[in-house]
Each structure stands twice: as C-alpha cells, then as structure tokens.
Amino acid sequence: MDIEQKALKALLRIAESIYEQLKNGEIPEIEISTRTKYNIEFNEESEVWVYGDRTSTRSAKTLKGAYMMLRMAYVMGFIKEQLKVNKSSTLRELYYISENWGMAKFNEQADSDRLIEDLEILTAFQREHFHIRPEEDGATVIGPIRIREETRRGVREIHCQEDVGEGGYQIPVNVDRLEFVEHDAKFVIAIETGGMRDRLVENGFDEEFDAIIVHLKGQPARSTRRLLKRLNTELGLPVVVFTDGDPWSYRIYASVAYGSIKSAHLSEYLATPAAKFVGIRPSDIVKYNLPSDKLNEQDVKALNAILTDPRFDSDFWRSEVKLQLDLGKKSEQQALAKYGLDYVTDVYLPERLTEMGILKA
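The following refers to the structure shown. Predicted model, so just to flag it, every value in this text is computed and none were measured.

Thoughts on the overall build of the protein chain
Okay, so step 1: Across its full length, the protein chain carries 13 helices and 17 strands.
Okay, so step 2: Whereas a compact globule of 361 residues would reach a radius of gyration of roughly 21 Å, the protein chain reaches 22 Å, a difference of no more than 12%.
Okay, so step 3: Each principal axis of the C-alpha atoms in the protein chain carries an extent, and together these give about 70 × 55 × 40 Å.
Okay, so step 4: Within the protein chain, the proportion of its 361 residues that are buried is 51%.
Okay, so step 5: A fraction of 72% describes how many contacts in the protein chain between residues 6 or more apart in sequence connect residues 24 or more apart.
Okay, so step 6: Side-chain charges of the protein chain comprise 49 positive and 60 negative groups, with the mean position of each set lying 4 Å from the other.

Below you can see the structure in the form of structure tokens.
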C-alpha cells in the first residue's frame, strides 16, 4: 500500500469515529493537540520541539464545533475523490472549492489552512500525502551540488551552479523526490532576503567558500525547510541561517532550527536542530555601529514573547533579546553595506563563520 492510500485510510478512520459516535446517540467530538507555545516540549531523541500532552476537545455541542466537523467531512470527502483520480490542488484552490459547499464553505483561507493542519495532526500524515500543496514558493538554491529530479518528461540532472541562471534552481514542492548525486560544498547558508541572497551570488560567495546558498524568501516554506534538513542529515553539511536583526527574523531562524509552533507535529521531518544563527544580532548593532530603526510596539511585544518561548531558552538569546529591548533598535542585513557592497562577503560572514568553526582560520 502506497503512502497516499495509508493517508486516506487514516482520514477515513476519523470519519468512522464521528459516524460511530452519532450511531451511538452521542454528540461527536474530536480531541486534538493544543497548538500553543505552552504545549511544545523538547524531544531529547530527535532534538526538536514537538507538541506535548495538552489537548483540546472540538465538540459539536457548540455551533463553532459543529461547523468545524461539517467542514472537516467535506474536506475529507474532497481529498478522497482527488486521491482516487490522482489529482492535486493548492491550499488556495481548496478554499475556493468550498464556495460550492453551502453552509460548510470557509469564511477565509486561514480557516481551511488550519483545518488541513488539524488533519495532519490527527492522522500523522502530511498534506503532501493528501495531494494538497501550497502556492509556488519560488525559493531557490545555488551552489556546488548536482541533483537528480523526476519531472513530467522523465528524470533529469541539474548542477545548481553550472546549469542554472542567476536565479538558481527553484525548490520543488516535494523535496523527497530529489536525489543528491554529488557535491563539493562545505556548508549551507540560508538567507532571509532576496537582496542579500543576490549580493552573495553576485560576489561569488558560493564559489569562493564552496557554499550552497538557499533563499528562504522570508518565513520559509515546508519544502525549503525539508531541503535544509536533508542537506544537513544526509550530506552532513553544516547549516547556518542569515537573517535581519528583528524578532520576526529570529522566528524565521527558529522555524528552521526548532520547528514552528503551528507545525510542531512535523518538527522531526522539517526541523534542523543543528542549524546555527549567523544573522544580525543586537550586539552587532553596537559592534558595527549599524544603521537602525526604532522598535515599534509590535516589535517590543514580539521580543517579550520570545523571552517566554521555550525554543529561545538559552543564555545567548536571553542576553541578545534583552540588549535589543534596552537599545530599542533593530537593523537589517543590508545595513552592512554602510562599509561597502563587499563587506558582508569579505569581512562579516567570513569572520562570523570562522568564529563558529564553519570556516577554518
């Protein structure tokens, strides 16, 4: 039995449970892990943050709960039919398809996205196994690695330096279909912004330091995080994450290294706990006298939330976040251009990566 059929069987068990409760004259309910930072715990074996034992009950006793179960039934029926004919759909398409479901239609895409996440938690399968995919992410890779991928026209091999343009190789939705053929890389650097990614490529950082450059495009998609995980675990390549110096960027790093809170059920599949942070630190604002902006109210609130987030429970993060609150400032990667366009590739990154042992002195 292939994995899609196993995923379908797991979905149908949810439907059967609801049916049995109704058959027995019971008001149906579903118990699911609570998705908050207070219900994630560190798994010593896998070294990632996963959901704990706290659960919440969704019951048809309430109107909200009844709507949730109705929509869940429609979504499971939709997934069953699309697997039957071997088709796929995007999260956005699923939301629009619900327009035909009468009172079961979703009010906004966030609701349909969350329900898919519920089904992942309840079944222990990923949305890709249901043939549900996100919109094209557009995140890219450039560096000294040759990969083999399956396409509609067969199998092809691509060298991510020699066979791609300046934009790099676009990461596919299903990264597990990729095969790493060979590489000459020493490490992987994941970069938050397109501007900084372009700076490293233009300056030949990937060639000079044998680096695989991965553009995160802000908060990274699952496929990007899965690729970083595979590069680290299968090829033994160190992974570093280079972001801006603000709380939202620290969360980007956390999603790569520790897993995001809303997808903690997938942390063992997506997270790279060995990933290291080389981004702009609050202490860098002082050390390099970087151009900066004032923290706004949302920034301050986010930084205080980080201080209570177990994923950031270390002396390094407590010290840096408290310093940032004291400074009242944030800064961007590209603020390093104050010292010239080559400074980030000639000085800042080589020094930081050498300090961390990624590059040899």
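Overview of the packing of aromatic side chains
Okay, so step 1: Evaluated as defined, the whole model comprises 18 aromatic pairs.
Okay, so step 2: For the pair Tyr253 and Phe277, a centre-to-centre distance of 5.4 Å together with 65° between the ring planes defines the contact as edge-to-face. Placement of Tyr253 in helix α8 (residues 247–257) and of Phe277 in strand β15 (residues 276–277) is noted, with a sequence separation of 24 residues between them. With respect to burial, Tyr253 and Phe277 carry one shared label: buried.
Okay, so step 3: Its end group placed over the ring of Tyr269, Arg226 keeps NZ or CZ at 4.2 Å from the ring centre.

A closer look at the pattern of salt bridges
Okay, so step 1: Evaluated as defined, the whole model comprises 22 salt bridges.
Okay, so step 2: A salt bridge links Glu117 to Arg35; its shortest N-O distance comes to 2.7 Å. Of the two residues, Glu117 is situated in helix α4 (residues 109–123) and Arg35 in the loop between β1 (29–33) and β2 (40–43); the sequence distance between them amounts to 82 residues. The pair Glu117 / Arg35 is uniform in exposure class, with both members buried.
Okay, so step 3: Residue Lys186 is joined to Asp210 by a salt bridge in which the shortest nitrogen-to-oxygen separation is 3.6 Å.

Reading the values: rules and limits
Residues numbered from 1 in each chain as written. Predicted model: local features only at pLDDT ≥ 70, side-chain atom pairs only at ≥ 80, totals over all residues. Heavy atoms only, no water. Helix = DSSP H or I, 4+ residues; strand = E, 2+ residues; numbered from the N terminus. Rg over C-alpha atoms; globule rule 2.2 N^0.38 Å. Buried < 20%, exposed > 50% of the residue type's maximum accessible area, 1.4 Å probe, protein only. Contact = heavy atoms within 4.5 Å. Lys, Arg positive; Asp, Glu negative; His and termini not counted. Charge placed at Lys NZ, Arg CZ, Asp CG, Glu CD. Phe/Tyr/Trp six-rings, centres within 6.5 Å; stacked < 30°, edge-to-face > 60°. Lys NZ or Arg CZ within 6 Å of the ring centre and 35° of its normal. Salt bridge = Lys/Arg side-chain N within 4 Å of Asp/Glu carboxyl O.

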